[in-house]
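Take a look at the letters that make up each chain.
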Amino acid sequence: MTEKFERHRQPWRPDEIQKLHTLAKKGMALKAISKAMTRSEESIKQRAKEDGLSIAKLR
């Protein structure tokens, strides 16, 4: 069963972008970032790609 995310199709706020950068730099896994930010893994991957971030797939 898929999870529901509160932020579905919502624009990224500056504070969320900053949090994504911080978590990615700490080496957090995609799933963990997704849960922490209540956004889908696809959304996280897309934003990370736009910002030139690399995210760990699994841990």
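Here, every reference points to the structure presented above.
All values reported here derive from a predicted model rather than from experimental measurement.

### Examining the nonpolar core
- Membership of the largest hydrophobic core is limited to 12 residues, which are Trp12, Ile17, Leu20, Leu23, Ala24, Leu30, Ile33, Met37, Ile44, Ala48, Leu53 and Ile55.
- The set of elements that each furnish at least two residues to this core consists of helix H1 (14–25), helix H2 (30–37) and helix H3 (41–51).
- For this core, the leading source of residues is H1, giving 4 residues.
- Not counting residues up to four positions away in its chain, the partners in contact with Leu20 are Trp12, Ile33, Met37, Ile44, Arg47, Ala48, Leu53 and Ile55.

### So, the pattern of salt bridges
- Tallying each qualifying case throughout the model produces 5 salt bridges.
- Residues Lys45 and Glu42 are paired through a salt bridge, measuring 3.2 Å at the closest nitrogen-oxygen approach. Taken as a pair, Lys45 and Glu42 lie in helix H3 at a separation of 3 residues, close to a single helical turn.
- Between Arg47 and Glu50 there is a salt bridge, with its nearest N and O atoms 3.8 Å apart.

### Brief notes about the side chain of Arg47
- With respect to the helices and strands, the residue Arg47 is situated in helix H3.
- If sequence neighbours within four positions are ignored, Arg47 has contacts with Trp12, Ile17 and Leu20.

### Describing the environment of Gly52
- Tracing the chain through its elements places Gly52 in the segment after H3.
- The spatial distance from the C-alpha of Gly52 to the C-alpha of His21 is 9.8 Å, given a sequence separation of 31 residues.

Reading the values: the criteria
Residues numbered from 1 in each chain as written. Predicted model: local features only at pLDDT ≥ 70, side-chain atom pairs only at ≥ 80, totals over all residues. Heavy atoms only, no water. Core = buried A, V, L, I, M, F, W, Y, C linked by side-chain atoms within 4.5 Å. Buried < 20%, exposed > 50% of the residue type's maximum accessible area, 1.4 Å probe, protein only. Helix = DSSP H or I, 4+ residues; strand = E, 2+ residues; numbered from the N terminus. Contact = heavy atoms within 4.5 Å. Salt bridge = Lys/Arg side-chain N within 4 Å of Asp/Glu carboxyl O.

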